[in-house]
Every structure is written in structure tokens, then in C-alpha cells.
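Summary of the model geometry
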Amino acid sequence: MRPACSRRSCMWNSETRWMRSEIHTQVCVLGGGPAGASVACLLSKAGVRNVLVDDGAGRAVLWKVGEGLPPSSRRVLQMLGVWEEFLSDGHLASFGNRSIWGSSVAVEHDFLLDPHGNGWHLDRVKFDHMMRTAACEAGSLCLSGSRVKTFQKNESTWQLETDTDSIRADVVVDATGRTAWWARQMGVERAAQDQLVGIATVVESEEANADRDSFTEIEAVENGWWYTAQVPGGKRVVAFLSDGDLPQTKAAREADVWRSGLARTTRIGKLIQRYSYQLTEAPRIFIANSSHLQQVQGAGWLAVGDAAAAYDPLSSQGILMAIGTAIEASHAIQEGTPASFAAYEEFVHRTYRHYLDARSHFYAMEQRWRTHSFWARRIPAEGKG
């Protein structure tokens, strides 16, 4: 793993923090995940001064469901200039997806003919660290372990206060994830399309080296769907996804009930049993619903990544869209006009509408349990037969 930043930029950042608490910058990015780090990196490469304020909360997350990268991610990582570092960080190659969805027969989609090559199962700690380092090395001032406490607007600039710094910025970028902290302070509401949650854990086994199955696997069941994928370190993530308000989902928060559900699956449970995988911790719940901000930009601010729009893990688009919105947002900021901000908002909303259409289509492919609450909520009326 590379150091947090280059020697030169570390010294510069350290001296800057100690020598002055007043920071004047063009852009202040809130959130050091892939979306925030990407927009900071791109702005620095374009010569736009920026500060990346990262409270460090995301560093406690060791794994996430659905955070693999599809083959097409190669292009955006190359654009950010991190492709070689990415290849050296030990992420696992993924050679396809396998699904039991719409019938009891497993269907495979391999990446053999994909012009971009294989996909990837990520080590999220290394990946997020790489992205923040790229921003720092590109010239962003990275304030690690820092959180904005108060703010106010003075004419056309924002004045933000952390525990140690006063930051004056022309533009604020909300990259705070699903909480969309800044947008909420602006009074913007968030719309959710469903109540999807995941109940997940990591399993490991002394026989993991014998597990050569690099495919991401999903399997529909009567009250939701299961997911598993390898992660670096001879482990697997296993998750059950369903609506949080359903009684079956509430019951599955108990480890024994979760295990029983896994054992009833057609393939995933057998795979876990075949290699004697054991739970490393009790399954924990996480929000996985589709949701978006009603407004993703305003005078002197915009939102990127999950803060702007969050996707169902089924789409495997989370990180790719985080970087995609960062690219579009950096263009809008560089142009710096109300029209460029409005065009960015249209991009986010248009992309999200297309995603919802694709999501509806994919869920409608599963008709075996269309009268069960989870599926009835997702299958369009014309698809219910």
C-alpha cells in the first residue's frame, strides 16, 4: 500500500495546517470516498485549487456488497491516472457473473469477449486509500479526520468552520454519501424508490485457496435475493437483500435465521458449504435502496456520487457512477456557470431515470414469486401477467 501522499505534498499539507488556519480555495469537497477523491483529483489536474475534507468515517468500512468493478472501469481509472497503482494493489480479477434469476437454471455471463477485459473484486480499504492519495498527489489539500461544524454564505463565497480550520470557498461539493449532509443543510429532500437493505457478512475458510470461482453470483429467492463474491484475503462476502420492513427481513437479522435462509438457496449455500466457509462476524444490516436528491445543485454547490443518487447493488454501478458524476461535476465547476451546473443536474437525473428503467426490467424477469411482497413491489403491472 502506498503512503497517504507523496513526501512533497505531505510536507506541504502538514505545514499548511500548522502555519495557517485560514484556507482560501476555489472548491471545498466534503467526503473522501471515491466520488469526493475523484472530483478533487480531477480539479487539481485542471489547475483548480481545492480542499478535500474527509472525516475518516469511511475508513472503518472494510467491505461492501456490490462494490466490484465492471470491465469498463479500466477507462475511468486510466483517466484518473491510477490504473497502474490499481493493478499493483492486489484486487481480485472477476471473470463474469452468474445468476439464478427467473428460473432455477444458472445463467453465466463471462467477460471473455469484453473489449475491456475482466472485472474486479475490490479491497475497499486499498482502493479508497489509492483514490485519496491520487487527489493529494495531484495537488489537493487533504484535511484528514476533519469535519465541517458550521458554515455560512458571505455574498458569493462559503465560509466553513472545522475544528482546526476556517475554509473560504467559492463552491462546495457534497460527496458525503447517502446521508447527503450538505444537500440536507440546503433544505433539499431525498426521494427513495424502495426500502432495500442488505444483511451481510464476510466468511472465511482454511480451504479458501481451493475456491477458484471468480464469478459474482446472485440468486433470487421468494423474499429477495442472495449475493456472494470473493474478496482479497481468501474470503467471501455473502449478503441477503430484501425490503427492511418485511417480517422475513427483520427475522433474518438473527444469525441463525440468516444461515437457514442461506442453506435453502440452490447454489450459494452449497458453495459456502463446499469450502467450509465460516462467519467471521454476525451479519449486519446496511441500506441499499435506490434514492436520489430532488435537486443536486444550487448556487455555489453540487452533489456527486451516492449523495446525488444511490443505486441498487444489483446494478454493480456504485463506484463507477461515483467516478462518472465526479468527471461531469469537475467539468461543470471548471466552466463555472449556472448553465453548466444545470447541465450537470440534467445528466444526473437522466442517468438515474435510465437506471430505474433497467432496474425495473431486470426485476420483472423474475416472475416465480410475483405475488410475494418483495417482488410485487418491483414488477410493473404489465409484467404481472
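Residues numbered from 1 in each chain as written. Predicted model: local features only at pLDDT ≥ 70, side-chain atom pairs only at ≥ 80, totals over all residues. Heavy atoms only, no water.

1. Overview of the pairing of strand β5 (residues 107-110)
For strand β4 (residues 96-100) and β5, the ladder comprises 4 bridges, and the chain directions are antiparallel. What sits directly across from Arg-98, in β5, is Glu-108. Where β4 folds back on β5, the antiparallel hairpin that results is connected by 6 residues, among which Gly-102 adopts a positive phi of roughly 95°. (Pairing = 2+ DSSP bridges. Helix = DSSP H or I, 4+ residues; strand = E, 2+ residues; numbered from the N terminus.)

2. Observations concerning the pattern of salt bridges
Any two side chains of opposite charge can pair, so long as their charged atoms come close to each other. Tallied over the entire structure, the rule returns 17 salt bridges. A salt bridge links Asp-55 to Arg-147; its shortest N-O distance comes to 3.4 Å. Residue Asp-55 is found in the loop between β2 (50-54) and α3 (73-80), and its partner Arg-147 is found in the loop between β7 (141-144) and β8 (150-154); the two are separated by 92 residues along the sequence. By relative accessible area, Asp-55 is classed as partly exposed at 33%. Residue classification places Arg-147 among the partly exposed residues on the basis of a relative accessible area of 47%. The partner of Asp-243 in a salt bridge is Arg-378, with the nearest N and O atoms 2.6 Å apart. With Asp-243 in strand β15 (residues 235-243) and Arg-378 in the segment after α13 (373-376), the pair connects residues that are 135 residues apart, well separated along the chain. (Salt bridge = Lys/Arg side-chain N within 4 Å of Asp/Glu carboxyl O. Buried < 20%, exposed > 50% of the residue type's maximum accessible area, 1.4 Å probe, protein only.)

3. Remarks on the nonpolar core
In terms of nonpolar packing, the biggest core is built from 74 residues, with Phe-86, Phe-127, Leu-160, Leu-302 and Tyr-344 touching the most fellow members. For this core, the element with the most residues is helix α11 (residues 318-335), which contributes 10 residues. Aside from chain neighbours lying at most four places away, what touches Phe-127 is Pro-34, Leu-69, Leu-77, Phe-86, His-91, Leu-122 and Ile-319. By size, the runner-up hydrophobic cluster in this structure holds 20 residues, among which are Val-202, Ala-220, Leu-246 and Phe-374. (Core = buried A, V, L, I, M, F, W, Y, C linked by side-chain atoms within 4.5 Å. Contact = heavy atoms within 4.5 Å.)

4. Describing the side chain of Thr-157
With respect to the element layout, Thr-157 can be found in strand β9 (residues 157-161). The contact partners of Thr-157, leaving out residues within four places of it in the chain, are Gln-152, Arg-168, Ala-169 and Asp-170.

5. So, unusual backbone geometry
When glycine is set aside, most residues are seen to have a negative phi, and most peptide bonds are trans. With phi around 45°, Ala-180 is a residue other than glycine that occupies positive phi space. With respect to the helices and strands, Ala-180 occurs in the loop between β10 (166-174) and α6 (181-185). On the basis of relative accessibility, which here comes to 1%, the residue Ala-180 falls in the buried class. Positive phi outside glycine occurs at Ser-316, with the angle close to 55°. Within the secondary structure layout, Ser-316 lies in the loop between β21 (309-310) and α11.

6. Focus: the environment of Arg-253
Following the sequence through the fold, Arg-253 ends up in the loop between α7 (247-251) and α8 (255-263). On a C-alpha basis, the gap between Arg-253 and Ala-282 in space is 8.8 Å, while along the polypeptide they are 29 residues apart. Non-local contacts of Arg-253, meaning those with residues more than four positions away in its chain, are made with Ile-199 and Ile-285.

7. Details of α11
Helix length check: α11, at 18 residues, gives a terminal C-alpha distance of 26 Å against a target of 26 Å (1.5 Å per residue), a fit within 8%. Most of α11 is tucked away: 13 of the 18 residues are buried. Among the residues trailing α11, Gly-336 stands out with phi positive, at a value near 70°. (Expected span 1.5 Å × (residues − 1).)

8. Some points on the pairing of β2
Of all the 5 residues making up β2, 5 are buried; the element is thus mostly covered by neighbouring parts of the structure. Two elements, strand β1 (residues 22-30) and β2, share 4 bridges in a ladder whose sense is parallel. In the sheet register, Val-27 faces β2, and the bridge partner there is Asn-50. Assessed by its sense of winding, the connection that carries the chain from β1 through helix α2 (residues 34-45) to β2 is right-handed. Relative to β7, β2 is paired through 4 bridges, and the arrangement is parallel. Residue Asp-54 lies in a different strand from β7, and its bridge partner there is Ser-144. (Right-handed = clockwise from strand over helix to strand, strands pointing away.)

9. Notes on the packing of α11 against helix α12 (residues 338-364)
Where α11 contacts α12, the axes come no closer than 8 Å and their chain directions differ by 165°. By the angle class used here, α11 and α12 are roughly antiparallel. Crossing angle aside, the handedness with which α11 passes α12 is right-handed. Every residue of α12 that contacts α11 at Met-321, Gly-324, Thr-325, Glu-328, Ala-329, Ala-332, Ile-333 and Glu-335 is listed here: Ser-340, Phe-341, Tyr-344, Phe-347, Val-348 and Thr-351. Each residue belonging to the contact of α11 with α12 can be placed in one class, and the counts come to 8 nonpolar, 4 polar and 2 charged. (Axes fitted to C-alpha atoms, helices over the stretch in contact; angles between N-to-C directions. Parallel < 35°, antiparallel > 145°, perpendicular 65-115°, else oblique. Left-handed = near helix turned anticlockwise from the far one by under 90°. Nonpolar A, V, L, I, M, F, W, Y, C, P; charged D, E, K, R; others polar.)

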